[in-house]
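Overview (structure and organization)
The lines below spell out each chain.
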Amino acid sequence: MKKSTYLVLVLTVTASVSGGILAYFGSFTSKRIAEFQKNEQKKAVQVVLPGSVSSESKMLDGVEFFVGKDEAGKIVGVAFVASGAGFQSTIKIFVGMDPTMQTILVMKVMEQAETPGLGTKIVDDQTNKSNPNWFVNQFENLNVANGISFVKGQKPKKPGEIQAITGATVSSSSVVNLLNASITKSREIFLKSGVK
Amino acid sequence: MATRKVTLWKEFAKGLWDENPSLRMLLGLCPTLAMTTSAVNGFSMGIAVIFTLICSSTIISLMRNLIPKEVRIATYIIIISTFVTVVDRTMAAFLPDISKAMGPFIPLIVVNCIILGRAEAFASKNTVGRSIIDALGMSIGFTLTLTFLGSLRELIGAGTIFSFQIMPESFTPWAVIVLPPGAFLMLGLIIGTVNWLNTQITKRSAH
């Protein structure tokens, strides 16, 4: 056999065997991975839409909405993913809102890689032992009809206001800005669609 | 190789100390620095490397007389990436939280110098048995180093080890140790300590 033929043969055989193994492996892991992601999403919907027992996903204008309903079939709220740039990472937030899209019910930070100990306080603040989720909790039942704004170093007074994290102003303001942008956009799409 | 006098135990043990991949050969530093933000991350990275290294060393050693030297690196990469993909998919399916924390570093094991290094320097020249022992020693050495470094960084940076609270409540974690600069500082200190220990050992045995 010519040397070059042998080289091609060895590489082809190795690559084909490897491809075969991976195809076999992919066939049974991909199902589990997809199932897991679906479960994760279902759990997340229940967290951000308290009181919902079932939810269905709807694609409207390229945005995925999760409409949560209670036992009587009444819409308790609508959830969607808001994402945008943080201080050093992309922040992904799952937002649950009331059906009129005027009030945030609950929001949950799904993904972030902010500065540990500072920006990560948008998820949980270990320095505040009694209430580590104080930042996220501020968004609960927050009226956002006129957008969200933030104040520094003092308690929020006006509706739609939250207190920024000391030492992580950029992360805090990023959360506020990405929520504002995405809520405005989603509100327009969702209310126009008339989904009930 | 009849002339070889290295015992199997020595073949195994060299990866733990004398030729420890992270501390003595300074190979695979990318995951060593990036994946040791906590003990569990370092440990999981190590487990992924143990599996990949043992499997790829076995196959490469079995095929060592079949692989022409002109295309050996390409063949090694195919074999290594196959096992890495298997690890990556398995972790995503069964350990989704850890898989999320590892991000791109599992797929990046493909280009990890330790694995290609062992394939090139050892598995391609030695019998299957010795290759497995060598792979086991090297990868366990790597895992121990990463777990140790991860525990140390987690202890100072978060006050915990494997998420168990170790430091008293009053301790303020040094967040910098969990950040990238902390990885360099702690790894530097550990390598320095290991070098110092080694000179002490050599001095003692010379007496």
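Our structure is the block above this text.
Just so you know, these numbers come straight off a predicted model, no measurement behind them.

What counts, and where the lines are drawn
- For every chain, the first residue of the written sequence is number 1, and numbering continues from 1 onward in sequence order.
- For this description, chains carry letters from A and ligands carry numbers from 1, given in the order in which they are written.
- Under the rules for a predicted model, residues below a pLDDT of 70 receive no local features and side-chain atom pairs below 80 are neither given nor counted, while totals for whole chains, interfaces and linings still include all residues.
- By convention in this description, side-chain values take in all heavy atoms of the structure and omit both hydrogens and water.
- Secondary structure is summarised from DSSP: a helix means a run of H or I of at least four residues, a strand means a run of E of at least two, and numbering begins at the N terminus for each.
- We compute the radius of gyration over the C-alpha atoms and compare it with the globule rule, which gives 2.2 Å times the number of residues raised to the power 0.38.
- Per-residue accessibility, obtained with a 1.4 Å probe over protein chains only, is compared with the maximum for each type, and a residue is labelled buried under 20%, exposed over 50%, and partly exposed between these values.
- The contact criterion used is simple: two residues touch if any of their non-hydrogen atoms lie within 4.5 Å.
- Using the Shrake-Rupley algorithm and a 1.4 Å probe, accessible areas are obtained, with residue cover drawn only from the displayed protein chains.
- Two strands qualify as a pair provided that DSSP identifies no fewer than 2 bridges between them.
- To obtain each axis, a line is fitted to C-alpha atoms, and for helices this fit is confined to the stretch in contact; angles are then taken between N-to-C directions over 0 to 180 degrees.
- Multiplying 1.5 Å by the helix residue count minus one yields the expected span of that helix.
- Think of a salt bridge as a Lys or Arg side-chain nitrogen and an Asp or Glu carboxyl oxygen that are within 4 Å of each other.

As for the overall build of chain B
Of the regular secondary structure elements, chain B holds nine helices and two strands. Helices (α) and strands (β) of chain B occur, in sequence order from the N terminus, as α-α-α-α-α-α-α-β-β-α-α. Relative to the compact-globule value of 17 Å for 207 residues, chain B shows a C-alpha radius of gyration of 18 Å, a close match. Residue burial in chain B is summarised as follows: out of 207 residues, 47% are buried. Put simply, 74% of the contacts in chain B that link residues at least 6 apart link residues at least 24 apart. About 10,100 Å² of surface is accessible on chain B, with carbon and sulfur atoms providing 72% of the total.

Considerations on the sheet that holds strand β3 (residues 75-85) of chain A
All names here are of chain A. Spatially, β1-β2-β3-β4-β5-β6 is the arrangement adopted by the six strands of the open sheet, whose pairing is antiparallel. Sheet topology places β1 (54-60) and β6 (142-143) at the edges, where each strand pairs with a single neighbour. Sheet topology places β3 next to strand β4 (residues 90-97); eight bridges connect them, and they run antiparallel. Bridge assignment links Ala-79 to a residue of β4, and that residue is Gly-96. Sitting on the sheet, helix α1 (residues 3-48) is in contact with β1, β2 (63-69), β3, β4 and β5 (103-111), with an inclination near 145° to β5. Docked against the sheet, helix α3 (residues 169-193) engages β1, β2, β3, β4 and β5, running at close to 135° with respect to β3.

Describing α3(A)
Its 25 residues place the ends of α3(A) 36 Å apart at the C-alpha level, agreeing with the 36 Å of an ideal helix rising 1.5 Å per residue. Directly after α3(A), the chain includes Gly194(A), whose backbone phi takes a positive value near 70°.

As for the pattern of salt bridges
Residues and elements named next belong to chain B. Enumeration according to the criterion identifies 12 salt bridges over all chains in this entry. Arg-89 serves as the salt-bridge partner of Asp-88, at 3.9 Å between the closest nitrogen and oxygen. On the accessibility criterion, Asp-88 (18% relative accessible area) is buried. With a relative accessible area of 34%, Arg-89 lands in the partly exposed category. Residue Asp-134 is joined to Arg-118 by a salt bridge in which the shortest nitrogen-to-oxygen separation is 2.9 Å. Separated by 16 residues along the polypeptide, Asp-134 in helix α7 (residues 128-158) and Arg-118 in helix α6 (residues 113-123) bring together distant segments of the chain.

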